[in-house]
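In case you want the letters, here they are:
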Amino acid sequence: MAEVSFSVPSPGGPGTVTISYERVGSGEPLLLLHGIGHHRQAWDPVLEILAAEHDVIAVDLPGFGRSPALPDGLRHDLSTVVPALGALCEALGTERPHVAGNSLGGLLALELGREKLVRSVTALSPGGFWSPAEQRYAFATLLAMRQGARLLPLPAIERLSGSAAGRFALTSTIYARPWRRSPEAVVAETLALRNATAFDATLAAGRYLTFQDDVPDLPVTVAWGTRDRLLLRRQGIRAKHAIPGARLVRLPGCGHVPMNDDPALVARVILDTCR
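Quick caveat: nothing in here was measured; it's all calculated off a predicted structure. Each residue is numbered by its place in its chain's sequence as written, counting from 1. For this predicted model, a pLDDT threshold of at least 70 governs which residues receive local features, and a threshold of 80 or more governs which side-chain atom pairs are given and counted, while totals over whole chains, interfaces and linings are taken from all residues. Computation of side-chain values covers all heavy atoms of the structure but excludes hydrogens and water.

Undergrad: Explain the overall build of the chain to me, please; I cannot follow it from the model alone.
TA: Only DSSP runs of H or I covering at least 4 residues are called helices, and only runs of E covering at least 2 are called strands; the numbering of each starts at the N terminus. Along the backbone of the chain there are 11 helices and 8 strands. C-alpha atoms define the radius of gyration, and 2.2 Å times the number of residues to the power 0.38 defines the globule rule. Here the chain has a C-alpha radius of gyration of 17 Å; the compact-globule value for 275 residues is 19 Å, and the two agree. With respect to the principal axes defined by its C-alpha atoms, the chain has extents near 45 × 40 × 40 Å. Exposure is judged per residue with a 1.4 Å probe applied to protein chains only, and the accessible area is read against the type maximum: over 50% gives exposed, under 20% gives buried, and values in between give partly exposed. Put simply, the chain has 275 residues, and 58% of those count as buried. Element-wise, carbon and sulfur atoms account for 53% of the exposed surface of the chain, whose accessible area totals about 11400 Å². To measure how exposed things are, a 1.4 Å probe is used in the Shrake-Rupley method; for residues, cover is taken only from the protein chains shown.

Undergrad: Where do I start with the sheet that holds strand β5 (residues 98–102) in this structure?
TA: Across a sheet, strands are paired by hydrogen bonds formed along the backbone, either parallel or antiparallel in direction. Should DSSP find at least two bridges between two strands, the strands are regarded as paired. Read from one edge to the other, the open sheet built from 8 strands follows the order β1-β2-β4-β3-β5-β6-β7-β8, with strand pairing classed as mixed. The strands lining the two open edges of the sheet, one partner per strand, are β1 (2–8) and β8 (247–251). The average angle at which neighbouring strand axes cross in this sheet is 25°, direction not considered. Note: β1 against strand β2 (residues 15–24), 7 bridges, orientation antiparallel. In the sheet register, V8 faces β2, and the bridge partner there is G15. Here helix α9 (residues 235–242) sits on the sheet and contacts β7 (220–225) and β8; the angle it forms with β7, its principal contact strand, is near 170°. Lines fitted to C-alpha atoms define the axes here, with helix axes fitted over just the stretch in contact, and angles between the N-to-C directions of these axes take values from 0 to 180 degrees. Residues count as neighbours in contact if any of their non-hydrogen atoms are within 4.5 Å of one another.

Undergrad: For this particular structure, what's the right way to read the side chain of S161?
TA: For S161, the location among the structural elements is in helix α5 (residues 154–161). For S161, a relative accessible area of 0% gives the class buried. With residues near it in sequence (within four places) discarded, S161 still touches R167, L170, P183, V186 and V187.

Undergrad: In this structure, what is going on with the pairing of β8? I would like to understand it.
TA: Consecutive residues of a regular strand have side chains that alternate between opposite faces of the sheet. Where β7 meets β8, 5 bridges bridge the pair, whose relative direction is parallel. The residue of β8 that forms the bridge with A223 is V249.

Undergrad: When you look at the environment of H76 in this model, what are you seeing that I'm missing?
TA: Relative to the elements of secondary structure, H76 occurs in the loop between β4 (54–59) and α2 (78–91). In this structure, the C-alpha to C-alpha distance between H76 and A198, residues 122 residues apart in sequence, is 7.2 Å. Those residues in contact with H76 that sit more than four places away from it in its chain are P62, G63, A69, L70, V81, A198, A201, T202 and A205. Pairs of N or O atoms within 3.5 Å make up the polar contacts considered here, provided that, within protein, one atom can donate a hydrogen while the other can accept it, and that residues adjacent in sequence are counted only when both atoms are side-chain atoms. At 3.3 Å, the side chain of H76 and the backbone nitrogen of L70 are in polar contact.

Just distances and angles here, no functional claims.
Okay, structure coming up:
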């Protein structure tokens, strides 16, 4: 683990953003962005495969994992977080990396592509392609997961994570194969959801958000798990209509966070896009 701090403009003057990240491998840079309430460890199942070909940077987004929230006066919305991620790449000396993102991270990846801050985009079940009813369902589900994580005492989380049935109860909303997740990983991500300082602000910023713009002149892949219970896979069709040049890929048997359900398939989809 490492961290980097850099300055970004804000209404009250320059503010300092600090990002925690892990960097492994060598080759062209590849930035990995997790979803709301998660942390960089969401990418652990594919990290070693990707690092064989790329300089991989898996980050904790601002206000998630080990990264503190944005400074006062900065909103956790696309217009703030996307430029901050661009400034992060500059601070790390990575000019126009490839980017792969999941859920919120997928939406951020597409925005980075639209701003021409990256050289390719892989978006796994990205946010922003929902109908109003689908958006309300997804946000209500996320709030319920957050409330559950906050109400459960740590011993109960550890006890539940120790059995396949318990891991199913805690994580089946986001994983199609929750028994594949280790007990330690489930405890850590449940605590990450509980302690995410930017969760409420990020959810509020996305309440009326939709992604309707094309991402031209870049390789773009949108991939959706066939067993995604949070953002239903028909949203991938809307993504294809919004981004006609994108490659739309089905991830058979995968849930909302597919990196855990089928690491080899997800890594191959990302690497194919980067190539």
